[in-house]
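Understanding the architecture of this molecule
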Amino acid sequence: MSSALTDLFPHPIVQAPMAGGVSVPQLAAAVSEAGGLGFLAAGYKTADGMYQEIKQLRGLTGRPFGVNLFMPQPEYADAAAVDVYAHQLAGEAAWYETELGDPDSGRDDGYDAKLAVLLDNPVPVVSFHFGVPKPEVLESLRRAGTFTLVTVTAPDEALAVQQAGADAVIVQGVEAGGHQGTHRDNPETDRSGLGLLALIAQVRETVSLPIVAAGGIMRGSQIAAVLAAGAAAAQLGTAFLATQESGANALHKQALTNPLFVRTELTRAFSGRPARGLVNRFMREHGPYAPAAYPEVHHLTSPLRKKAAASGDAQGMALWAGQGHRMARDLPAGQLVEVLAAELDAAATALSAAPEGGAVG
């Protein structure tokens, strides 16, 4: 395993980049200051908005951090299917007294402009979601001194990342909250994703790249498990979503442990791409009919989600969460890193003290 990534931060703990206003500079700074790797999410922001957050983060910490980019999406959505879904959502628009968004508001998320900023003003780490960057992009970032990671959800995706020349892979199990980072959005494979430990093992046998493990991790003992399975570090999203520095809506934070929300599912209801969230009214009513159309559906539902949040209605919000959401802890982010590191140390000590061939009691 290459140490180029883990040499950047003392604890093998990465704060997942969560788009939509969750991964604010204050959160990333607190994580990095505590010895983890904090991340900003550039998704759904302008290039200048991303740059301003990087400047703010650099004013809060001198430690390494990362920035995550969404890959541009190919145009394969069925416009007729999007229109049908828009008609279905007309009642939601009337209920929330707002208009539906324009599904044709853009597909590339300002990718080229954001890359230009990151090449002119390099950051320590850049990760990519929803696909593989071109080899020349990865090489340009390497020359700028940036370590690159790409999210994968299958061994063949990891092989494509290695061939493109990235430095490491983020192996995302199906347990993960938020959007699955699949490289191709194929509806036929919905709900067939691999669990994290099985996926780590398969990726290790496919590529030689360092692995950052992601998906449902909420405790230090789970970090110990993925490290034992061959990962170099663990990436946690839902665990940090609940922290005090997180920019998540208060309703979202409360829902993680609210008895009203007992389970998560993968759904296309809010964005048109599979994403794991707490099951609420909107997901139940619209999930079965949502088309495979990202980011069209994301743009379409954006005003609804914003109005639901503004009116205090968690049943109309996208409550992204991993399968471990009930284990969320309301702590300052830096303290959470320290607790996770202590739990990791305790688990590692217990493992090393166990008799060979025996079990830890």
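The preceding data block contains the structure.
Residues numbered from 1 in each chain as written. Predicted model: local features only at pLDDT ≥ 70, side-chain atom pairs only at ≥ 80, totals over all residues. Heavy atoms only, no water.

As for the overall build of the protein chain
Looking only at helices and strands, one finds 14 helices and 11 strands in the protein chain. Relative to its length of 361 residues, the protein chain is compact, with a C-alpha radius of gyration of 20 Å against a globular reference of 21 Å. Among the 361 residues that make up the protein chain, the fraction classed as buried is 55%. Within the protein chain, residue pairs in contact and separated by at least 24 positions form 69% of the contacts whose partners lie at least 6 positions apart. Distance between charge centres in the protein chain, computed from 25 positive and 36 negative side chains, equals 3 Å. (Helix = DSSP H or I, 4+ residues; strand = E, 2+ residues; numbered from the N terminus. Rg over C-alpha atoms; globule rule 2.2 N^0.38 Å. Buried < 20%, exposed > 50% of the residue type's maximum accessible area, 1.4 Å probe, protein only. Contact = heavy atoms within 4.5 Å. Lys, Arg positive; Asp, Glu negative; His and termini not counted. Charge placed at Lys NZ, Arg CZ, Asp CG, Glu CD.)

Here we look at a negative patch on the surface
Taken together, the side chains of Glu 75, Asp 78, Asp 83, Asp 102 and Asp 104 define an acidic patch exposed on the protein surface. Summarising the element assignment, Glu 75 is placed in the loop between strand E3 (65-70) and helix H3 (79-88). In this structure Glu 75 comes out as exposed when scored by relative accessible area, which is 72%. (Patch = residues over 30% accessible without salt bridge, like charges linked within 9 Å, V, L, I, M, F, W, Y side chains within 5 Å. Areas by Shrake-Rupley, 256 points an atom, 1.4 Å probe, with all protein chains shown as cover. Salt bridge = Lys/Arg side-chain N within 4 Å of Asp/Glu carboxyl O.)

Some points on the packing of aromatic side chains
A complete count under the given rule lists five aromatic pairs for this structure. Ring geometry for Tyr 44 and Phe 70: centres 5.3 Å apart, planes at 80°, overall edge-to-face. One end of the pair, Tyr 44, is in the loop between strand E2 (38-41) and helix H2 (47-60); the other, Phe 70, is in strand E3, and 26 residues separate them in sequence. Measuring from centroid to centroid gives 5.0 Å for Phe 70 and Phe 130, while their planes differ by 50°, and the two rings are tilted. In this pair, Phe 70 sits in strand E3 while Phe 130 sits in the loop between strand E4 (125-129) and helix H6 (135-143), placing the two residues 60 residues apart along the sequence. Neither Phe 70 nor Phe 130 differs from the other in exposure class; each is buried. One aromatic cluster is present, built from ring pairs that chain together Tyr 44, Phe 70, Phe 130 and Tyr 294. (Phe/Tyr/Trp six-rings, centres within 6.5 Å; stacked < 30°, edge-to-face > 60°.)

Here's the deal with the sheet that holds strand E1 (residues 13-15)
Pairing in this open sheet of eight strands is parallel, and the strands run E1-E9-E8-E6-E5-E4-E3-E2 from one edge to the other. Either end of the sheet is taken by a strand with one partner, and the two such strands are E1 and E2. On average, adjacent strands in this sheet sit at an angle of 25° to one another, irrespective of strand direction. Running over the sheet, helix H7 (residues 155-164) touches strand E5 (147-152) and strand E6 (168-172) and is turned about 160° from E5. (Pairing = 2+ DSSP bridges. Axes fitted to C-alpha atoms, helices over the stretch in contact; angles between N-to-C directions.)

Structural notes on the side chain of Ser 127
By the element assignment, Ser 127 lies in strand E4. For Ser 127, the side chain forms a polar contact with the side chain of Asn 68, separated by 2.8 Å. (Polar contact = N/O pair within 3.5 Å; in protein donor to acceptor, adjacent residues only side chain to side chain.)

Some points on the nonpolar core
Core analysis: the largest hydrophobic core is formed by 98 residues, its most contacted members being Val 67, Leu 69, Phe 128, Val 169, Val 171, Leu 236 and Phe 240. If one sorts the elements of this core by residue count, helix H14 (residues 333-353) sits on top with six residues. Among the nonpolar cores identified, the runner-up in size contains 13 residues, and Leu 5, Phe 9, Val 14 and Ala 233 belong to it. (Core = buried A, V, L, I, M, F, W, Y, C linked by side-chain atoms within 4.5 Å.)

Points about the environment of Ala 232
Checked against the element boundaries, Ala 232 lands in the loop between helix H9 (220-228) and strand E9 (233-236). When the C-alpha atoms of Ala 232 and Pro 12 are compared, they prove to be 6.9 Å apart, with 220 residues separating the residues in sequence.

With respect to unusual backbone geometry
Negative phi is the rule for most residues except glycine; trans is the rule for most peptide bonds. With an omega of 10°, the peptide bond between Tyr 294 and Pro 295 qualifies as cis. Locating Pro 295 in the fold gives a position in the loop between helix H12 (281-286) and helix H13 (296-310).

Some thoughts on the packing of H9 against H14
Across the interface, H9 lies against H14 with an axial gap of 7 Å and an inter-helix angle of 55°. Looking at the two axes, H9 sits oblique to H14. Relative to H14, the crossing made by H9 is right-handed. Residue-level contacts link Gly 220, Ser 221, Ile 223, Ala 224 and Leu 227 of H9 to Leu 340, Glu 343, Leu 344 and Ala 347 of H14. For the contact of H9 with H14, a count of residues per class yields six nonpolar, two polar and one charged. (Parallel < 35°, antiparallel > 145°, perpendicular 65-115°, else oblique. Left-handed = near helix turned anticlockwise from the far one by under 90°. Nonpolar A, V, L, I, M, F, W, Y, C, P; charged D, E, K, R; others polar.)

Looking at the packing of helix H5 (residues 111-120) against H6
Their axes nearest at 10 Å, the elements H5 and H6 cross at an angle of 25°. Here H6 runs roughly parallel to H5, going by the angle between their axes. Residue-level inspection shows Tyr 111, Leu 115 and Leu 119 of H5 in contact with H6, the latter providing Val 137, Ser 140 and Leu 141. For the contact of H5 with H6, the residue count by class is five nonpolar, one polar and no charged.

Observations concerning H2
Here H2 spans 20 Å end to end across 14 residues, near enough to the 20 Å set by a 1.5 Å rise per residue. The inward-facing, buried residues of H2 contact helix H1 (25-33), E2, E3 and H5. (Expected span 1.5 Å × (residues − 1).)

Observations regarding helix H8 (residues 196-204)
Structural remark: α-helix, 3.6 residues per turn; residues separated by three or four positions point the same way. Taken together, the buried positions of H8 are occupied by Leu 196, Leu 199, Ile 200 and Val 203. In a view along the axis of H8, the buried residues occupy a sector of 105°, so they form one face of it. On its buried face, H8 is in contact with E5, H7, E6, strand E8 (211-214) and H9. (Arc of directions from axis to C-beta.)

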